[in-house]
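Chain by chain, the residues run as shown.
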Amino acid sequence: MRPPGTDTGPAPDPYDAGRWQDPAPFLRGVAWLDKGRPVRADPADTMRLPWDTGERATLPIGVRLEFTTQTAHAVEIRYRATVPGPTDALRDLAHGFALWDRHGVVSEVFTEPATEAVVRIELPGGGGPFTLHPPETQSPVVLGLRGIGGPLTPAPPAPRWVVHGDSITEGWWSTRPAHGWPAVTGRALGWDAVNLGYAGAARGELATAEQIAGLPADVLTLAFGTNCWSRVPYSAPLLYETTRVFLELVRQGHPRTPLLLVSPVLRPDAERTPNRLGATLGALRDAMERATRDRIAAGDDRLAVLPGRDLLGPEHLEDGLHPNDAGHRVLGLAVATALRRAGFAAG
């Protein structure tokens, strides 16, 4: 009860609508932080990585915000992003924020990249959980978020799934960050997908294997190999040994973590065409699968392989290499099914 003479109206709402909430508890898909910025390679170990891997690792692929709310009718995101120059190849890509719930996409809001800006997204009823996918290409950093009409609560934690691969894993040519196959798999299984896909790279670099070994993970998936046909040519014996050693290094940090290896998906121009070392993509795929099965036969019962050759057809490829949205969905659901069948998705 207030003292007499001090009643100036209703008591203030304990929720301050002007208060920005720290984004850290809401962030998902985060591998490492570099001075508060999500990155996808260990910032203390970048000197051992190829230049192209290091460049792609600065993009916050797969990083998103997940929250619930009882009363908020909108959410505002304060963020900082790179403003593309007039000759930037990515200048014309849509700078969009996509809101999802468990049923699918709820809404999308498109803005212009800005050094610092605030975007507002209206929320439907129901309380969530909601997932907000920010744009990825201009390296946005979320500075704060706030609910309009009530506070936001971080969504409950989910099993942490670390997936490593090349541009296909990174999400090329999906039209939205939420459409890449790791995002599809993560939603299907209710997992926190951590995307370590590096476009143009992911050739079995052993430093990457050691970094994955040091990351917390409940489940792991490896999906590299395509760039071993062209970008840096491998022979089949070399990729067999690379796969064998890569798995060994990952297992040093994750001896019993469920691990699924997905061999390269269809690439019509490479299936029967020898590279400079005489290896077709078919031969390289076979080498990766044999290395994995040999390890399983040697006693690794928490390891499984998903042959990639027949997962996609030519109609799923946007450019003969990268899946379109339909292809990413087919691939993501195939991986989810393989994880379930291997017993890795129980619970």
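Everything discussed here concerns the structure shown above.
The model shown is predicted, which means the values in this text are computed figures rather than measured ones.

Run through the overall build of the protein, naming residues and quoting values.
Looking only at helices and strands, one finds seven helices and 16 strands in the protein. Its C-alpha radius of gyration of 22 Å places the protein within 12% of the 20 Å reference for a compact globule of 347 residues. Reported as C-alpha extents along the three principal axes, the dimensions of the protein are approximately 90 × 50 × 40 Å. Residues classed as buried in the protein amount to 55% of the 347 residues present. The contacts of the protein with a sequence gap of at least 6 include a subset with a gap of at least 24, amounting to 78%. Counting 35 positive and 39 negative side-chain charges, the protein places the centres of these two groups 2 Å from one another.

Could you give me a rundown of helix α6 (residues 281-297), with the residues and numbers involved?
In a regular helix each residue adds 1.5 Å, so 17 residues correspond to 24 Å; α6 covers 24 Å between its end C-alpha atoms and thus fits that length. Listed in full, the buried residues belonging to α6 are L281, L284, R285, A287, M288, E289, A291 and T292. As for α6, its buried residues are in contact with α5 (236-253), β15 (259-262) and β16 (303-306). Downstream of α6 by a residue or two, G299 has a phi angle that is positive, lying close to 125°.

Help me get a handle on the side chain of D300, residues and values and all.
Residue placement: D300 occurs in the loop between α6 and β16. Judged by its relative accessible area of 9%, D300 is buried. Within the local environment of D300, its side chain forms a polar contact with the side chain of R251, the two groups lying 2.8 Å apart. A distance of 3.2 Å separates the side chain of D300 from the backbone nitrogen of R302, its partner in a polar contact. Contact partners of D300, with chain neighbours within four places excluded, come to R251 and R295.

So what's going on with helix α3 (residues 181-189)? Which residues, and what values?
Most of α3 is tucked away, with seven of its nine residues classed as buried. The elements touched by buried residues of α3 are β12 (160-165), α2 (167-170), β13 (192-197), β14 (219-223) and α7 (325-341). Positive phi shows up at G190, right after α3, with a value of about 70°.

Any chance you could break down empty space enclosed by the protein for me, citing the residues and the numbers?
In this structure the tally under the stated criterion is three cavities of 30 Å³ or more. Here the largest cavity defines a volume of roughly 80 Å³. Looking at the largest cavity, the residues that line it are D166, I168, T169, W181, A223, T226, V262, S263, P264, V265 and L331. Among the residues making up the lining of the largest cavity, the classes are represented as seven nonpolar, three polar and one charged.

Tell me about the packing of α5 against α6, and please be specific about residues and values.
Where α5 meets α6, the closest approach of the two axes is 8 Å, and the angle between their N-to-C directions is 40°. Here α5 lies oblique to α6, going by the angle between them. Between α5 and α6 the crossing geometry is right-handed. For the pair α5 and α6, contact is made by A236, L239, Y240, T243, R244, L247, E248 and R251 and by A283, L284, A287, M288, R290, A291, T292, D294 and R295, respectively. Of the residues contributing to the contact of α5 with α6, the split by class is nine nonpolar, two polar and six charged.

Give a detailed account of the pattern of salt bridges, specifying residues and quantitative values.
Under the criterion given, the structure shown has 27 salt bridges. A salt bridge links R28 to E66; the nearest nitrogen and oxygen atoms lie 4.0 Å apart. Placement of the pair is R28 in strand β1 (residues 27-28) and E66 in strand β4 (residues 64-68), with a sequence separation of 38 residues. Relative accessible area serves as the criterion here: at 11%, R28 is assigned to the buried category. One salt bridge connects R48 with E210, and the closest N-O pair in it is separated by 2.7 Å. Pair noted here: R48 is in the loop between β3 (37-39) and α1 (51-57) and E210 is in helix α4 (residues 206-213), with a separation of 162 residues, a long-range link. Residue classification places R48 among the partly exposed positions, given a relative accessible area of 47%. Using a relative accessible area of 37% as the deciding quantity, one classes E210 as partly exposed. Linked by salt bridges that have partners in common, R28, R64, E66 and D192 make up one network.

How would you summarise the packing of α3 against α7 if you had to cite specific residues and measurements?
In a pair of packed helices, the angle between the axes and the distance between the axes together describe the arrangement. Where α3 meets α7, the axes come as close as 8 Å, and the angle between the chain directions of the two elements is 45°. As far as their axial angle goes, α7 and α3 are oblique. In this structure, α3 meets α7 at a crossing whose hand is right-handed. In contact with W181, V184, T185, A188 and L189 of α3, α7 contributes H328, R329, L331, G332, L333, V335, A336, L339 and R340. For the contact of α3 with α7, the per-class residue count stands at nine nonpolar, three polar and two charged.

With reference to specific residues and values, describe the nonpolar core.
Counting residues in each nonpolar core, the largest one holds 37 residues, and the members touching the most others are L196 and L222. Looking at this core, the elements with two or more residues in it are β13, α4, β14, α5, β15, α6 and β16. Of the residues forming this core, the biggest block, five residues, is contributed by α5. Among all residues touching L196, those that are not within four sequence positions of it are A31, W32, R40, V162, V163, H164, G165, I212 and L215. The next biggest cluster of nonpolar side chains, apart from the first, holds 25 residues, and it includes I168, V219, A304 and A345.

About the criteria used
- Residues numbered from 1 in each chain as written.
- Predicted model: local features only at pLDDT ≥ 70, side-chain atom pairs only at ≥ 80, totals over all residues.
- Heavy atoms only, no water.
- Helix = DSSP H or I, 4+ residues; strand = E, 2+ residues; numbered from the N terminus.
- Rg over C-alpha atoms; globule rule 2.2 N^0.38 Å.
- Buried < 20%, exposed > 50% of the residue type's maximum accessible area, 1.4 Å probe, protein only.
- Contact = heavy atoms within 4.5 Å.
- Lys, Arg positive; Asp, Glu negative; His and termini not counted.
- Charge placed at Lys NZ, Arg CZ, Asp CG, Glu CD.
- Expected span 1.5 Å × (residues − 1).
- Polar contact = N/O pair within 3.5 Å; in protein donor to acceptor, adjacent residues only side chain to side chain.
- 1 Å grid on protein atoms, 1.4 Å probe; cavity = no way out; pocket = protein on both sides within 12 Å on 5 of 7 lines; lining within 4 Å.
- Points joined across faces, edges and corners; volume = space filled by probe spheres on them.
- Nonpolar A, V, L, I, M, F, W, Y, C, P; charged D, E, K, R; others polar.
- Axes fitted to C-alpha atoms, helices over the stretch in contact; angles between N-to-C directions.
- Parallel < 35°, antiparallel > 145°, perpendicular 65-115°, else oblique.
- Left-handed = near helix turned anticlockwise from the far one by under 90°.
- Salt bridge = Lys/Arg side-chain N within 4 Å of Asp/Glu carboxyl O.
- Core = buried A, V, L, I, M, F, W, Y, C linked by side-chain atoms within 4.5 Å.

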